[in-house]
Amino acid sequence: MAIAFTFPGQGSQAVGMGKDLAENFAEARAVFEEVDEALGQKLSDIMWNGPEETLTLTANAQPALMAVSVAVMRVLEARGLKLAEKVSYVAGHSLGEYSALCAAGTFSLADTARLLRIRGNAMQAAVPVGEGAMAAIIGLEHGDVEDICREAAAGGVCQIANDNGGGQLVISGAKAPVEKAAALASEKGAKRAIMLPVSAPFHSALMAPAAEAMREALASVQKNDPVVPVVANVRAAPVSDADEIAALLVDQVTGQVRWRETVEWFAANDVTTLYEIGSGKVLTGLARRIDKTVNGVAVNSPADIEAALQTLLG
C-alpha cells in the first residue's frame, strides 16, 4: 500500500494558478518570490494576471508550473508531511520531472527554475517555427503508432513523443512526416488524429541542440540523490543516483515520455494512490484511464491541501 507523488507537465498551466496558495500560505508566497528572484523576472505576475499567450510560452510555462507544484509541497511540509516517510516514489510528466526532483531534494528551487528557463528557451530555439509539428493520435495501440511513424519518417523525423495511456499517444517531428503520420493513423482506424497547436516538436530527435544545452546546464548545477526514488520518464523505472538522473534528463529532451508505463509500473509495485501535486488534474485523469486500481488525487487548492493532509497524516 504505497503512495507516489506525481507532478504535471506543460498544458496544465492556467492564468491565476497558485494565486490562492500565495494568498493563504506564507510558504507558498516564499516559493513564488524565490522563483521570481532566480529568473530576474516577475513570473508570478504573468501567472496570476496573464496574458495567457505569455504564460503559455514554453520558457514561462515550464518554471511557472514547477513553482506551483513546489509551493504545494512546501505548504504540505510546513504542516508536518515528511516526503521520505509518507511517499515511496515521485514522478513528473516531462518538465514535471524537474518539479519532482526539486520536491525530492535533487535540485534547489532556484536552480530548478533556472534549469527550466534554459530548457524552455533551448527547446524553443532548437527548430525554426513552422518546421516541426506534433499530433495527438487517439484510439490506436502503441505498436501501431510506432509502425505508422516508421512509415511516415521516410521523409524525415517522426516518432512517439508521449505515451499518455488510454489509447492517447502524441507524435512529434518534422512537419511533413508528422502530417503524413496523422493521415495514415486516420486511415488505419484512429478515432482521432489531431495536429496540436505547439511551437516546437518536443521529445523528438529534432530537439538534439536542446539536449546538448541541458547536458551543459545539468553538469554545472549542484545535484543530490533524491530522498525517494524518481520514476524516470524515459525509463519508466525508479532511479536514485543523481548523476544517472541528470543523464536521463538529457535523454528526456529527445526521448519518449513513457507515462502509461510509469503508471503501470506503480500499479505493479503496490502503489495505490497517486497524488498529483500542482496545477490542474491532467495526470489524475490519465491514471484513471491507465489502471483503475490506482486512485488519483489532485492537490492544488487550499481545500485540497487540507484534505490531503488529513489522509496522509491521519
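Relevant structure appears above.
Bear in mind the structure is a predicted one, so any value in this text is a computation, not a measurement. (Residues numbered from 1 in each chain as written. Predicted model: local features only at pLDDT ≥ 70, side-chain atom pairs only at ≥ 80, totals over all residues. Heavy atoms only, no water.)

## Observations concerning the overall build of the protein chain
Here is step 1: Of regular secondary structure, the protein chain possesses 15 helices and ten strands.
Here is step 2: Here the protein chain has a C-alpha radius of gyration of 19 Å; the compact-globule value for 314 residues is 20 Å, and the two agree.
Here is step 3: Counting only C-alpha atoms and orienting by the principal axes, one finds that the protein chain spans roughly 55 × 45 × 35 Å.
Here is step 4: Considering the protein chain as a whole, with its 314 residues, one finds that 56% of them fall into the buried category.
Here is step 5: For the protein chain, contacts bridging at least 24 residues in sequence account for 74% of all contacts bridging at least 6.
Here is step 6: Total accessible area on the protein chain is roughly 12400 Å²; 49% of this is exposed by carbon and sulfur atoms.
Here is step 7: One way to put it: in the protein chain the 25 positive side-chain charges average out to a point 3 Å from where the 37 negative ones average out. (Helix = DSSP H or I, 4+ residues; strand = E, 2+ residues; numbered from the N terminus. Rg over C-alpha atoms; globule rule 2.2 N^0.38 Å. Buried < 20%, exposed > 50% of the residue type's maximum accessible area, 1.4 Å probe, protein only. Contact = heavy atoms within 4.5 Å. Areas by Shrake-Rupley, 256 points an atom, 1.4 Å probe, with all protein chains shown as cover. Lys, Arg positive; Asp, Glu negative; His and termini not counted. Charge placed at Lys NZ, Arg CZ, Asp CG, Glu CD.)

## Looking at the nonpolar core
Here is step 1: Among the nonpolar cores identified, the biggest contains 78 residues, and Phe-5, Val-35, Met-47, Val-90, Leu-218, Ile-277 and Ile-305 are the most heavily contacted of them.
Here is step 2: What Phe-5 contacts, discounting residues up to four positions off in sequence, is Met-73, Leu-76, Leu-81, Leu-83, Val-87, Tyr-89, Val-90, Ala-91, Tyr-275, Ile-277 and Leu-312. (Core = buried A, V, L, I, M, F, W, Y, C linked by side-chain atoms within 4.5 Å.)

## Let's talk about the pattern of salt bridges
Here is step 1: In this structure the tally under the stated criterion is eleven salt bridges.
Here is step 2: Between Asp-147 and Arg-150 there is a salt bridge whose closest N-O contact spans 3.0 Å. You can see Asp-147 and its partner Arg-150 sitting in helix H9 (residues 142-152), three residues apart, about one turn around the helix.
Here is step 3: By relative accessible area, Asp-147 is classed as partly exposed at 43%.
Here is step 4: Judged by its relative accessible area of 56%, Arg-150 is exposed.
Here is step 5: Its salt-bridge partner being Arg-215, residue Glu-212 comes within 3.2 Å of it at the nearest N-O pair. One end of the pair is Glu-212 and the other is Arg-215, both in helix H11 (residues 208-219) and three residues apart, which spans about a single turn. (Salt bridge = Lys/Arg side-chain N within 4 Å of Asp/Glu carboxyl O.)

## Observations concerning the packing of helix H5 (residues 58-78) against helix H7 (residues 96-103)
Here is step 1: Two elements in contact, H5 and H7, have axes whose closest approach is 9 Å; the angle formed by their N-to-C orientations is 25°. Between H5 and H7, the angle falls in the class roughly parallel. The two elements H5 and H7 cross, and the hand of that crossing is right-handed. Mapping the contact onto sequence places Met-66, Ser-69, Val-70, Met-73 and Glu-77 in H5 and Ser-99, Cys-102 and Ala-103 in H7.
Here is step 2: For the contact of H5 with H7, a count of residues per class yields five nonpolar, two polar and one charged. (Axes fitted to C-alpha atoms, helices over the stretch in contact; angles between N-to-C directions. Parallel < 35°, antiparallel > 145°, perpendicular 65-115°, else oblique. Left-handed = near helix turned anticlockwise from the far one by under 90°. Nonpolar A, V, L, I, M, F, W, Y, C, P; charged D, E, K, R; others polar.)

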